[in-house]
Amino acid sequence: QGQCNILTRVGKLVNEVVTGLRRATLASVRPQLDEIGRLEEQARMERQRFLSELYHGNPDPIDVIKKKELHDLMMMAIRACDSVGRTVERVLVKNA
């Protein structure tokens, strides 16, 4: 659930930044870009917590594989959103 919440928030922020890109300045989107980066870092910490809890006890190996793969896909999506944010930042710096 933690990763889903983060992915939802990051997706909304990327949408805000990209839809307003034509009239945006770096200063105007800096808060959203910073928040995207902060959420990506939070997702990494959430991943560490998730993986440490995933192997506790005697879990079903197939269940572990499924959960880890789903978590990996969400992490890839969060990283892709962070990459979009960094790209937007570079574009705005070059056009300033």
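Up top is the structure.
Residues numbered from 1 in each chain as written. Predicted model: local features only at pLDDT ≥ 70, side-chain atom pairs only at ≥ 80, totals over all residues. Heavy atoms only, no water.

Chemist: Can you tell me about the overall build of the chain, naming the residues and giving the values?
Modeler: Within the chain, the regular secondary structure consists of three helices and zero strands. The C-alpha radius of gyration computed for the chain amounts to 16 Å, which surpasses the reference 12 Å derived for 96 residues by more than 25%, pointing to a less compact arrangement than a globule. For the chain, buried positions account for 30% of its 96 residues. Here the analysis covers contacts within the chain between residues at least 6 apart in sequence; of these, 72% occur between residues at least 24 apart. Accessible surface for the chain amounts to roughly 6500 Å². Of this, 56% is attributable to carbon and sulfur atoms. For the chain, the separation between the mean place of its 16 positive charges and that of its 13 negative charges on side chains is 6 Å. (Helix = DSSP H or I, 4+ residues; strand = E, 2+ residues; numbered from the N terminus. Rg over C-alpha atoms; globule rule 2.2 N^0.38 Å. Buried < 20%, exposed > 50% of the residue type's maximum accessible area, 1.4 Å probe, protein only. Contact = heavy atoms within 4.5 Å. Areas by Shrake-Rupley, 256 points an atom, 1.4 Å probe, with all protein chains shown as cover. Lys, Arg positive; Asp, Glu negative; His and termini not counted. Charge placed at Lys NZ, Arg CZ, Asp CG, Glu CD.)

Chemist: With reference to specific residues and values, describe the environment of Val 10.
Modeler: Within the fold, Val 10 resides in helix α1 (residues 2–19). For the pair Val 10 and Arg 38, spaced 28 residues apart in sequence, the C-alpha to C-alpha distance is 9.7 Å.

Chemist: Explain the pattern of salt bridges to me, and be specific about the residues and the numbers.
Modeler: By the definition in use, this model includes twelve salt bridges. For Glu 35, the salt bridge identified is with Arg 38, shortest N-O distance 2.7 Å. Of this pair, Glu 35 and Arg 38 both sit in helix α2 (residues 26–54), separated by three residues, roughly a single helical turn. Notably, a salt bridge pairs Glu 41 with Arg 44, separated by 3.5 Å at the nearest N-O pair. Of this pair, Glu 41 and Arg 44 both sit in helix α2, three residues apart, which is roughly one turn of the helix. The partly exposed category is assigned to Glu 41, whose relative accessible area is 37%. Salt bridges sharing partners connect three or more residues here, namely Arg 9, Glu 35 and Arg 38. (Salt bridge = Lys/Arg side-chain N within 4 Å of Asp/Glu carboxyl O.)

Chemist: So what's going on with the packing of α1 against helix α3 (residues 61–94)? Which residues, and what values?
Modeler: Viewed as axis vectors pointing N to C, α1 and α3 meet at an angle of 25°, and their least axial separation amounts to 10 Å. In this view, α1 runs roughly parallel relative to α3, as classed from their interaxial angle. For the pair α1 and α3, the sense of crossing is left-handed. In contact with Gln 3, Cys 4, Ile 6, Leu 7, Val 10, Val 14, Val 17 and Val 18 of α1, α3 contributes His 71, Met 74, Met 75, Ala 77, Ile 78, Cys 81, Val 84 and Val 88. Looking at the contact of α1 with α3 residue by residue, the class counts come to 14 nonpolar, two polar and no charged. (Axes fitted to C-alpha atoms, helices over the stretch in contact; angles between N-to-C directions. Parallel < 35°, antiparallel > 145°, perpendicular 65-115°, else oblique. Left-handed = near helix turned anticlockwise from the far one by under 90°. Nonpolar A, V, L, I, M, F, W, Y, C, P; charged D, E, K, R; others polar.)

Chemist: So what about the side chain of His 71? Which residues, and what values?
Modeler: Within the element layout of this structure, His 71 appears in helix α3. Given the relative accessible area of 5%, His 71 is considered buried. Discounting chain neighbours no more than four positions away, the residues touching His 71 are Gln 3, Arg 47 and Phe 50.

So yeah, pure geometry; function would need other evidence.
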